[in-house]
Amino acid sequence: QVQVVESGGGLVQAGGSLRLSCAASGSTFSINSIGWYRQAPGKQRELVAVISSGGSTTYAGSMRGRFTISRDNDKNTVYLQMNSLKPEDTALYYCKIRTGISALQDYWGQGTQVTVSS
């Protein structure tokens, strides 16, 4: 079992920055990858960025260059630095932790709200 706790959301003006944190606890040795997803009202949940256990990263096209995902293995925490925020970035941001190799299991956090005002 892995527990997931997100933090760092809030209200920011367009062009501003926020840093989200995703802290993992429990069976962290089994973590395969950690990703950030977001869901805006009336829209499907979408990928923002993912970082693997080896440190490789993947970004959704619209976020590349503005968002940076990183991890602190000592703290079992993944960060999402979001710069040049736009009103369309407003959403509930979720952290997903994937564990295992052959038998994958996903753990989701409760989400943290990001609101970007114009």
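Refer to the preceding data block for the structure.
Each value, and the rule that gives it
- Numbering of residues starts from 1 in every chain and runs along the sequence as written.
- pLDDT decides what is reported in this predicted model: residues at 70 or higher carry local features, side-chain atom pairs at 80 or more are listed and counted, and totals for whole chains, interfaces and linings draw on all residues regardless.
- Side-chain figures throughout are based on the complete set of non-hydrogen atoms in the structure, without hydrogens or water.
- The term salt bridge refers to a side-chain nitrogen of Lys or Arg lying within 4 Å of a carboxyl oxygen of Asp or Glu.
- The helix count covers DSSP runs of H or I at least four residues long, the strand count covers runs of E at least two residues long, and both are numbered beginning at the N terminus.
- Each residue is assigned to one of three classes by its accessible area relative to the maximum for its type, calculated with a 1.4 Å probe on protein chains only: buried under 20%, partly exposed between the two thresholds, exposed over 50%.
- Cysteine sulfurs are considered disulfide-paired once they come within 2.5 Å of each other.
- Should any heavy atoms of two residues lie within 4.5 Å, those residues are considered in contact.
- Each pair of strands is called paired provided DSSP finds at least two bridges between the two strands.
- For every element, the axis is a line fit to its C-alpha atoms; helices are fit only across the contacting stretch, and the angle between N-to-C directions ranges from 0 to 180 degrees.
- Each aromatic pair joins two rings of Phe, Tyr and Trp (for Trp, the six-membered one) with centres within 6.5 Å, and gets the label stacked for planes under 30 degrees apart, edge-to-face for over 60, and tilted for any other angle.

**Remarks on the pattern of salt bridges**
Moving on, step 1. Scanning all chains against the criterion turns up five salt bridges.
Moving on, step 2. With a shortest N-O distance of 2.7 Å, Arg66 and Asp89 are connected by a salt bridge. Placement of Arg66 in the loop between β6 (57–59) and β7 (67–72) and of Asp89 in the loop between β8 (77–82) and β9 (91–99) is noted, with a sequence separation of 23 residues between them. Take Arg66 and Asp89: they sit in the same class, and that class is buried.
Moving on, step 3. Residues Lys96 and Asp106 are paired through a salt bridge, measuring 3.7 Å at the closest nitrogen-oxygen approach.

**Details of the state of the cysteines**
Moving on, step 1. Evaluated as defined, the whole model comprises one disulfide.
Moving on, step 2. Residue Cys22 pairs covalently with Cys95 via a disulfide, S to S 2.0 Å. On the S-S bond that ties Cys22 to Cys95, the torsion sits near -75°, and the link is left-handed. One end of the pair, Cys22, is in strand β3 (residues 18–26); the other, Cys95, is in strand β9, with 73 residues separating them in the sequence.
Moving on, step 3. Under the relative-accessibility criterion, Cys95 is labelled buried at 0%.

**As for the environment of Val50**
Moving on, step 1. With respect to the element layout, Val50 can be found in strand β5 (residues 46–52).
Moving on, step 2. Judged by its relative accessible area of 19%, Val50 is buried.
Moving on, step 3. Placed ten residues apart in sequence, Val50 and Ala60 show a C-alpha to C-alpha distance of 9.1 Å.
Moving on, step 4. Contacts of Val50, omitting those with residues within four sequence positions, involve Ser33, Ile34, Gly35, Tyr37, Ser56, Thr57, Thr58 and Ile69.

**A closer look at the side chain of Ser21**
Moving on, step 1. Counting through the fold element by element, Ser21 comes out in strand β3.
Moving on, step 2. Among residues more than four places away in sequence, those in contact with Ser21 are Val5, Glu6, Ser7, Trp36, Thr77, Val78 and Tyr79.

**Considering the pairing of β7**
For a regular strand, side-chain orientation follows a simple rule: the groups alternate between the two sheet faces.
Moving on, step 1. In this sheet, β8 lies alongside β7 in antiparallel orientation, the contact comprising six bridges. Across the sheet, the residue bridging to Phe67 is Met82, located in β8.
Moving on, step 2. Turn length for the β7-β8 hairpin, with the two strands adjacent in sequence and antiparallel, is four residues, and the turn residue Asn76 shows positive phi of about 50°.

**Considering the sheet that holds β3**
Two orientations exist for strands paired in a sheet by backbone hydrogen bonds: parallel and antiparallel.
Moving on, step 1. The strand order across the open sheet built from four strands is β1-β3-β8-β7, with neighbouring strands paired in antiparallel fashion. Every other strand in the sheet has two partners, leaving β1 (2–7) and β7 as the edge strands with one partner each. Here the strands of the sheet are splayed against their neighbours by 15° on average, with no regard to which way each runs.

**Comments concerning the packing of aromatic side chains**
The description of two aromatic rings rests on the distance between their centres and on the angle between their planes.
Moving on, step 1. Considering all chains together, one arrives at two aromatic pairs under this definition.
Moving on, step 2. Ring centres of Tyr94 and Trp108 lie 6.3 Å apart, and the angle between their planes is 85°; on these two criteria the pair is classed as edge-to-face. Taken together, the residues span a long stretch of sequence, with Tyr94 in strand β9 and Trp108 in strand β10 (residues 105–108) at a distance of 14 residues.
Moving on, step 3. Classification of Tyr94 by relative accessible area gives buried; the value is 11%.
Moving on, step 4. Under the relative-accessibility criterion, Trp108 is labelled partly exposed at 36%.

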